[in-house]
Structure formats: structure tokens, C-alpha cells
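Architecture and fold: a report
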Amino acid sequence: PNCWTTGDDASLESLFVAPEARGQGVGRLLVDDLLRLGRLRGWRSVTWHVAAANAPARALYDRLASPDGFLRYRVPLSP
């Protein structure tokens, strides 16, 4: 559950593909599996953030969905 919608939603906090495996479709397989699990579990959506400079990841994600225009802000609280 989250505070943005009713029902269950997922937030993908981190997706990392080892450098030697990049460009081989591994990221797509990981995201596709997450979406499959979400559908099976009745989630309403899956949300994630990606750095604007991460062109390869954005190219993948742009094929799956359109960015919603929100930026993430983070305030570090420890030195």
C-alpha cells in the first residue's frame, strides 16, 4: 500500500545489471519479470526513478511507459 493511490503498488528502488551483461536484454528480462509478478499479485502499478543522464536505462524504460514528469528530491540527513 502507498499514500498516492488505493490498492497495492510497487516501487522499484534499484535495478542494476553488471557491466559485462549490459546490452544483452538482461534489464528488460528483469523488468518484464517484475511486471509479470505484479500482474499476478494484483498490483495497480509499478513506479521507478531513473537518472536523466542514464540514456541506456531511459531507452529501455521509454519503450515500457512514458515518464510522468516528476523529479525525485533527496535531502541527506547524515554527514
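First things first, this report covers the structure right here in the doc. (Residues numbered from 1 in each chain as written. Predicted model: local features only at pLDDT ≥ 70, side-chain atom pairs only at ≥ 80, totals over all residues. Heavy atoms only, no water.)

**A closer look at helix 1 (residues 26-41)**
Between its first and last C-alpha atoms helix 1 spans 23 Å; for 16 residues at 1.5 Å apiece the expected length is 22 Å, and the two agree. Among the residues of helix 1, Gly27, Val31, Leu35 and Gly38 are the ones counted as buried. In an axial view of helix 1, the angular spread of the buried residues amounts to 65°, which keeps them on one side of the axis. Away from its buried face by more than 90 degrees, helix 1 exposes Leu29 and Leu40. Close packing links the buried residues of helix 1 with strand 2 (45-48) and helix 2 (55-64). (Helix = DSSP H or I, 4+ residues; strand = E, 2+ residues; numbered from the N terminus. Expected span 1.5 Å × (residues − 1). Buried < 20%, exposed > 50% of the residue type's maximum accessible area, 1.4 Å probe, protein only. Arc of directions from axis to C-beta. Contact = heavy atoms within 4.5 Å.)

**Considerations on the pattern of salt bridges**
Enumeration according to the criterion identifies two salt bridges in this entry. As a salt-bridge pair, aspartate 32 and arginine 28 come within 3.0 Å of each other at their nearest N and O atoms. One end of the pair is aspartate 32 and the other is arginine 28, both in helix 1 and four residues apart, which spans about a single turn. Residue aspartate 32 is classed as partly exposed on the basis of its relative accessible area of 30%. In this structure, the salt-bridge partner of arginine 36 is aspartate 33, at a minimum N-O distance of 2.7 Å. One end of the pair, arginine 36, and the other, aspartate 33, are both in helix 1, three residues apart, so they sit about a helical turn from each other. Taking relative accessible area as the criterion, arginine 36 reaches 41% and is therefore assigned partly exposed. A relative accessible area of 34% places aspartate 33 in the partly exposed class. (Salt bridge = Lys/Arg side-chain N within 4 Å of Asp/Glu carboxyl O.)

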